[in-house]
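# Geometric and topological summary
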Amino acid sequence: MTLDGTRILLVVGGGIAAYKALDLIRRLRERGARVRCILTAGAQAFVTPLAAAALSGEKAFTDLFDREDEAAIGHIRLAREADVVVVAPATANLMARMAQGQADDLATTVLLATTAPILLAPAMNPTMWGHPATRRNRATLEADGVAFVGPGSGRMAEPESGPGRLAEPVEIADAVERLVAARAESARARGPLAGRHVLVTSGPTHEPIDPVRYIANRSSGKQGHAIAAAAAAAGARVTLVSGPVAIADPPGVAVVRAESAREMLAAVEAALPADVAIFAAAVADWRAAEAKPSKLKKDGTTPAPLALALNPDILATIARRPREPGSGRPALVVGFAAETDDVVENARAKLARKGCDLVVANDVSAAGGGVMGGDFNAVHLVSPEGVETWARAAKDEVARRLVAHLASRLAASSQEKAQEPSQ
């Protein structure tokens, strides 16, 4: 889906075309977007907050001074927790208040407080659309960086025709896609990892015992996928080698699927060279020495012990390569260590044993609060230089911090090389 995970704040203005906003919510969600709605007082004369909430799956917001809403969400959070703000329909009055920087209700306050791109879909009487004041307001808003879609021409609610008709919901959804894509491309071009190739592994591996059963672990892939998304947002070209997961692919990322450890290693090898390799996948250490071609049947007796074979060590295979051009070793190799006890000590041992540059260690015991598959992580960055401990945070935030840390290390390394005297 083209808008997977994109957070859209939809501001519904007070015009008869507000009824189309309900279809727009559906169209955006079909493309994978998350939609929150703000309804102006005028909008509520045409559509109800209940209808918007039912279609969006989120509470609809209406009042700037609602005590419960301000305590739980707040207009600043509404403004900041959006990737795009869409105003549909954008009435002449709403455009005028935006152009003047007014903030006298929830909608205009959020529009003034947001740093996200804004897309307006105007809808009004043709005479109002052509009025010099509206033309001035549009020019002001465009100069401020606001994007427009429509209006179209056609029959209006009143017995008139002409320009001022709200763009169709599909047209607005298409315009949102273009705006999101353009913003992502601009961010990539300016990002700290622009021009870099980042390789990420994520999720578990499944090692077959027979066509029905397999050896696996509890990894959800949430952290690895979040890292891939953060690296793409930082400008990198990202290859994500993913084991079997039940979560969506991150946008803007090339995804290669692998089932077993051996398949994952082959996919990693094929994706090289890379500037950074982040091995977040929880690869099964062992596999069945001989996977049965047919399902093992239960016959009332205890089966023979399952013979196991050691899987390839993907992290060590890449990290132990010599640090020289052409070896295939990325400049930075990062491993993950999911531990249930002695987290830092075990991570230090893993760092030395594998030969990587950094190990991200987390406590996955119930007591540590980081049970695999959750949405939060508390990690320790273990490197030859020491240990850096980060407080518990959402996995998306951990991913952003890790990518920023790695970008900083790459930049420092490049600067050191540039300052080395030529031989």
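Residues numbered from 1 in each chain as written. Predicted model: local features only at pLDDT ≥ 70, side-chain atom pairs only at ≥ 80, totals over all residues. Heavy atoms only, no water.

## A short note on helix H6 (residues 106-113)
The element H6 is largely enclosed, with a buried count of seven among its eight residues. In this structure Asp105 caps H6, since a side-chain oxygen of it lies 3.4 Å from the backbone nitrogen of Ala107. (Buried < 20%, exposed > 50% of the residue type's maximum accessible area, 1.4 Å probe, protein only. Helix = DSSP H or I, 4+ residues; strand = E, 2+ residues; numbered from the N terminus. Polar contact = N/O pair within 3.5 Å; in protein donor to acceptor, adjacent residues only side chain to side chain.)

## As for the packing of helix H1 (residues 19-30) against helix H2 (residues 49-56)
At a minimum axis distance of 9 Å, the contact between H1 and H2 shows a crossing angle of 15°. Considering the angle they form, H1 stands roughly parallel to H2. By crossing handedness, the relation of H1 to H2 is classed as right-handed. Of the residues in H2, those in contact with Leu22, Ile25 and Arg29 of H1 are Ala51, Ala52, Leu55 and Ser56. Classifying every residue of the contact of H1 with H2 by side-chain character gives five nonpolar, one polar and one charged. (Axes fitted to C-alpha atoms, helices over the stretch in contact; angles between N-to-C directions. Parallel < 35°, antiparallel > 145°, perpendicular 65-115°, else oblique. Left-handed = near helix turned anticlockwise from the far one by under 90°. Contact = heavy atoms within 4.5 Å. Nonpolar A, V, L, I, M, F, W, Y, C, P; charged D, E, K, R; others polar.)

## Structural notes on the layout of surface pockets
Approximately 1,000 Å³ is the volume found for the second largest pocket. As for the second largest pocket, its lining consists of 42 residues, of which Ala281, Ala282, Val283, Phe336 and Lys350 are closest to the centre. The set of elements that each furnish at least two residues to the lining of the second largest pocket consists of helix H10 (222-233), helix H12 (314-319), strand E17 (332-339) and helix H13 (343-354). (1 Å grid on protein atoms, 1.4 Å probe; cavity = no way out; pocket = protein on both sides within 12 Å on 5 of 7 lines; lining within 4 Å. Points joined across faces, edges and corners; volume = space filled by probe spheres on them.)

## Examining a nonpolar patch on the surface
There is a patch of nonpolar side chains on the surface, built from Trp286, Leu306, Leu308 and Leu310 and spanning about 440 Å² of accessible area. Following the sequence through the fold, Trp286 ends up in strand E15 (residues 286-288). According to the relative accessible area criterion, Trp286 is partly exposed, its value standing at 46%. (Patch = residues over 30% accessible without salt bridge, like charges linked within 9 Å, V, L, I, M, F, W, Y side chains within 5 Å. Areas by Shrake-Rupley, 256 points an atom, 1.4 Å probe, with all protein chains shown as cover. Salt bridge = Lys/Arg side-chain N within 4 Å of Asp/Glu carboxyl O.)

## Things to note about the pattern of salt bridges
As enumerated under the stated definition, the model contains 23 salt bridges in all. Here Glu168 ties to Lys20 by a salt bridge, and the two come within 3.1 Å at their closest N and O atoms. In this pair, Glu168 sits in the loop between strand E8 (161-165) and helix H9 (169-190) while Lys20 sits in helix H1, placing the two residues 148 residues apart along the sequence. Classification of Glu168 as partly exposed rests on a relative accessible area of 34%. Between Asp375 and Lys222 there is a salt bridge whose closest N-O contact spans 2.8 Å. One end of the pair, Asp375, is in the loop between strand E18 (358-363) and strand E19 (376-377); the other, Lys222, is in helix H10, with 153 residues separating them in the sequence. Asp375 gets classed as partly exposed once you look at its relative accessible area, which sits at 46%. Sharing partners across several salt bridges, the network here consists of Arg34, Arg36, Glu58, Arg77 and Glu81.

## Some words on the nonpolar core
In this structure, Leu193, Val198, Ile227, Val238, Ile278 and Leu402 are the most contacted members of the largest nonpolar core, which totals 33 residues. When residues of this core are traced back to their parent elements, those giving at least two are strand E9 (197-202), H10, strand E12 (237-242), strand E14 (276-279), E17, E18, strand E20 (379-383) and helix H14 (395-419). Per-element tally for this core: the top contributor is H14, with seven residues. Residues Leu24, Val35, Val86 and Leu179 belong to the second largest nonpolar core, which totals 32 residues. (Core = buried A, V, L, I, M, F, W, Y, C linked by side-chain atoms within 4.5 Å.)

## Considering empty space enclosed by the protein
This model, assessed by the stated rule, comprises two cavities of 30 Å³ or more. Volume-wise, the second largest cavity comes out at about 30 Å³. As for the second largest cavity, its lining consists of Leu193, Val198, Ala231, Val276, Ile278, Val403 and Leu406. Elements that contribute at least two residues to the lining of the second largest cavity include exactly E14 and H14. In terms of residue class, the lining of the second largest cavity is built from seven nonpolar, no polar and no charged.

## Focus: the side chain of Thr109
Tracing the backbone shows Thr109 in helix H6. A distance of 2.7 Å separates a polar atom in the side chain of Thr109 from the backbone oxygen of Asp105.

## Quick word on the UniProt feature "binding site: CTP" (unreviewed entry) in the protein chain
With numbering matched to this structure, UniProt assigns "binding site: CTP" (unreviewed entry) to Asp285, Lys295, Pro312, Asp313, Ile314, Leu315, Phe336, Lys350 and Lys354. The largest pairwise C-alpha distance within this set of annotated residues, which runs over 70 residues, is 36.7 Å, so the set is dispersed in three dimensions. Among the annotated residues just listed, those that line the second largest pocket are Asp285, Pro312, Asp313, Ile314, Leu315, Phe336, Lys350 and Lys354. Given the relative accessible area of 43%, Lys295 is considered partly exposed. (UniProt positions renumbered as here; feature names shortened; annotations may be inferred.)

## A few points about the packing of helix H5 (residues 92-99) against helix H8 (residues 132-143)
Here H5 crosses H8 at 50°, and the two axes come no closer than 9 Å. Between H5 and H8, the interaxial angle falls into the category oblique. Classified by chirality, the crossing of H8 by H5 is left-handed. Residues Ala92, Met95, Ala96, Met98 and Ala99 of H5 touch H8, and the partners they reach there are Thr134, Asn137, Arg138, Thr140 and Leu141. Split by residue class, the contact of H5 with H8 holds six nonpolar, three polar and one charged.

## So, the packing of aromatic side chains
All told, the structure shown has zero aromatic pairs when counted by the stated rule. Stacked on the ring of Phe148, the Lys or Arg Arg138 has its end atom at 4.5 Å from the ring centre. Lying across the ring of Trp390, Arg401 places its NZ or CZ 4.1 Å from the centre. (Phe/Tyr/Trp six-rings, centres within 6.5 Å; stacked < 30°, edge-to-face > 60°. Lys NZ or Arg CZ within 6 Å of the ring centre and 35° of its normal.)

## Side note on the environment of Gly374
Tracing the backbone shows Gly374 in the loop between E18 and E19. For Gly374, a relative accessible area of 24% translates into the label partly exposed. Leave out the neighbours within four places in its chain, and Gly374 touches Lys222 and Lys395.

## Considering the environment of Gly243
Tracing the sequence through the fold places Gly243 in the loop between E12 and strand E13 (254-257). With near-sequence residues (within four places) excluded, Gly243 lies in contact with Ser202, Pro204, Ala258 and Met264.

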